[in-house]
Amino acid sequence: MAAFLIQLLVFVSAASDDKGNPPDLLIADFEAPNYGAWEVTGTAFGPGPARGALAGQMAVGGFLGSALVNSFFGGDGGTGTLLSPPFTIERGRITFLIGGGKHAGETCIHLLVDGQPARTATGPNSEFLRPHSWNVADLRGKSARIQIVDRHQGGWGHINIDHIVQSDQAPRVEDDRAAALARAAASVKTAAVRAEQDRARPVYHFRAPGNWMNDPNGPIQHGGWYHVFYQHNPYGDAWGHMHWGHARSRDLVRWEHLPIALWPSLARSEEHCFSGCATLDGGGNPILFYTSIGHAEPECWAAVPEDADLLRWKKHPASPVLTAGSAPVKLHEWRDPFIFRAEGRTFMVHGGNLNASKGGQAVVSLYEAKSADLARWEFKSILFTHPDPQVKNIECPNFFPLGGKWVLITSPHRACDYFVGTFDAAAGKFHAEKNGFADRSTNYYAPNCFEDSTGRRILWGWIKDFPGGRGWNGCFTLPRILSIGPDGLLRQVPAPEVETLRGESTSMADLELAEGKPYLHPTGGETLEILAELDRGTASRVALRLRRSADGARAAEIAFDGETLDVAGVKVPLEPAESEKALKLRLFLDRSVLEVYAADGRECITRVLGGSPEDQGVELRASGGKAVLRRLDVWTLKPVW
Ligand code: FRU
């Protein structure tokens, strides 16, 4: 926690500045154990200033000293006010640090003159406090009071305030990258100790060293390494404070964590570094593009490395390189840049919608690079509108050529889908011909892909919905190699490098499964790869049960009845083709993570499993007749962490 108590920004309130301005006058620093002469109403502000985050709150940062006003006392349900004693306005500005909810008039701070708000400010929907300044030159000599208000219950129903001063200078803030990253790293290191102890945490899937992660961002191959980045909250195991975590690998399987690459530049009013991509500019230099949140509208910012190993990144001075407002149409929820090349030109797509999330106009917008350094972009067209009117918005679009076609993958706030079709670069239009699901499960989201030096299109998804409070949350799927099948639909198989994880194996063939006679595999385990070919024979249903408890009462079941594959509750219509006598399943179990690749990668299903660490059995069952297990290969897989 100590890390959070240090200010994120260097907030300078000097005795006097180089222009000879008079010294600042402190109104309140909230370092005392109680509110002193401030009048308190309600319960939200608790008995006195808080020493950082309160119970149930995400990490709070950016305040000065060791305490601040934090109206999360008892959670977001409480309300109340804090009123300062009267003071005389003697300087041209009143400056303070503000965080918490963005509910105008409800989670806010007022400057009261004659009992009425003469100035007001609302929180930024962030637990990081940032400087705010009111110009009060016209109010000099007046008597005033500060009122801090929490009248909102529910999400972001609190306000955080610290260090209120009268000053003749605007707050000077420096974007202290080194300190921000050191603080973030220290927080992750503390969480990692707790995360290590969790027996449900995957051991061969990619994950952050500790705390929260979501979308894969900017995969790229450079200088003999695969690099991946990811949405990362270094300050907690829930979503928030989006940074870009970073790691590299020689083989897509064994990873080395690197320093956090991108951090929100609070001094430039950046609150989050949202998802994006990596590419090489015209000179062959790596460059990242991401959505910068914290401004009036989302902005597309770039970042470039400061060293050949891509360990240290800085924000590109041309940022923002693109804004939502540059399009001739009003784009809502505009974010998540992804770059592709066609006909010697460089394009970028963004997700969003044209309908303020009301549904029916979820779109992918298209931009073209206008300079070789990729610092200038121009709106080209709406590339694609989602055909489903239920879909309200598209996140994380991926658009790329594959097997003579073009593929668009979308994350539409439900199971991710893909479209296969043609791209008309002159018109900037994608014509979809076929579609399917990138993964059938909502435990999977926001995939991101790239093409490696051998021409393989490699994709990772974010595996989500793990239980909270364990010092970690989230991981990637295995790297999936994409191709187009003979039916024009997507195929996904794990990269062959994953096979280097294989340890001991057992193989069997033509095992008969009769009703009431389940087969219990001799090894079992919780980190397994299984290759099964199930011929249903006369059985109405055949099931593979993983993470089976010793008494058989608990298990994650993968069952097939000839029409539907049911993967631990996710139902996938699946009719094996005539040529497929048996249903082929390839499964990867990694403690609480299960990935199923069915029918040679025609369908992928990712699940997050519950259960106790002791549940390690593998069982096969048939009902309503006799089934034959044509093949069953089981490998134990080795951990990489
Ligand atoms: C998808 C997403 C993106 C956004 C990011 C923020 O999961 O919502 O649209 O950039 O996560 O973490």
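Structure first, text after, so check above.
Residues numbered from 1 in each chain as written. Predicted model: local features only at pLDDT ≥ 70, side-chain atom pairs only at ≥ 80, totals over all residues. Heavy atoms only, no water.

**Q** Pulling in residues and values, what's your account of unusual backbone geometry?
**A** Residue Ser319 is joined to Pro320 through a cis peptide bond whose omega torsion reads 0°. By the element assignment, Pro320 lies in the loop between strand E21 (313–315) and strand E22 (322–323). The backbone phi angle of Leu374 is positive, close to 65°, even though this residue is not glycine. For Leu374, the position within the fold is in the loop between strand E25 (362–369) and strand E26 (377–385). With phi around 60°, His413 is a residue other than glycine that occupies positive phi space. Relative to the assigned elements, His413 resides in the loop between strand E28 (405–411) and strand E29 (417–424). (Helix = DSSP H or I, 4+ residues; strand = E, 2+ residues; numbered from the N terminus.)

**Q** Give a description of the sheet that holds strand E44 (residues 583–590) that names residues and reports values.
**A** Reading across the sheet, the 6 strands line up as E37-E48-E39-E44-E45-E46 and stay open at both edges, with antiparallel pairing between neighbours. Either end of the sheet is taken by a strand with one partner, and the two such strands are strand E37 (502–513) and strand E46 (603–608). Strand-to-strand twist in this sheet, taken as the mean axis angle between neighbours without regard to direction, amounts to 15°. (Pairing = 2+ DSSP bridges. Axes fitted to C-alpha atoms, helices over the stretch in contact; angles between N-to-C directions.)

**Q** Give me the lowdown on the sheet that holds strand E17 (residues 255–262), citing residues and values where you can.
**A** Two strands in a sheet stick together by hydrogen bonds in their backbones, pointing the same way (parallel) or opposite ways (antiparallel). Ordered in space as E17-E16-E15-E14-E33, the 5 strands form an open sheet in which the pairing is mixed. Both edges of this open sheet fall to E17 and strand E33 (472–473), since each of them pairs with a single strand only. Strand direction decides the pairing type here: strand E16 (residues 243–249) and E17, joined by 5 bridges, are antiparallel. Paired with Ser249 across the bridge in E17 is Trp255. Across the sheet, helix H1 (residues 177–196) touches strand E14 (211–222), strand E15 (225–233), E16, E17 and E33, and the angle it forms with E14 is around 115°. (Contact = heavy atoms within 4.5 Å.)

**Q** Please give an account of the pairing of strand E32 (residues 457–463) that cites residues and values.
**A** When you tally the buried positions in E32, you get 7 out of 7 residues, the bulk of the element. Pairing between strand E31 (residues 444–451) and E32: 6 bridges, direction antiparallel. The residue of E32 that forms the bridge with Tyr444 is Ile463. Direction of pairing for E32 relative to strand E35 (residues 480–484): antiparallel, over a ladder of 2 bridges. If you follow Leu459 over to E35, its bridge partner there is Arg480. (Buried < 20%, exposed > 50% of the residue type's maximum accessible area, 1.4 Å probe, protein only.)

**Q** Could you give an account of the packing of aromatic side chains, with specific residues and numbers?
**A** A full pass over the atoms with the stated rule returns 35 aromatic pairs. Taking 5.5 Å as the distance between ring centres and 65° as the angle between the ring planes, the aromatic pair formed by Phe206 and Tyr230 counts as edge-to-face. Of this pair, Phe206 sits in the loop between H1 and E14 while Tyr230 sits in strand E15, and the two are 24 residues apart along the sequence. Comparing Phe206 with Tyr230 shows no difference in burial state: the two are buried. Ring centres 6.0 Å apart and planes at 0° place the aromatic pair Phe450 and Trp460 in the stacked group. Placement of the pair is Phe450 in strand E31 and Trp460 in strand E32, with a sequence separation of 10 residues. What makes Phe450 buried here is its relative accessible area of 7%. Look at Trp460 and you get buried, because its relative accessible area is 1%. Through successive ring pairs, a cluster of aromatic residues spans Phe206, Tyr226, Tyr230, Trp255, Phe450, Trp460, Phe476 and Trp641. Directly above the ring of Trp263 sits Lys315, whose terminal nitrogen or CZ lies 4.1 Å from the centroid. One cation-aromatic arrangement involves Lys464 over Tyr445; the distance from NZ or CZ to the ring centre is 5.9 Å. (Phe/Tyr/Trp six-rings, centres within 6.5 Å; stacked < 30°, edge-to-face > 60°. Lys NZ or Arg CZ within 6 Å of the ring centre and 35° of its normal.)

Geometric descriptors of this kind do not, in isolation, establish any biological role.
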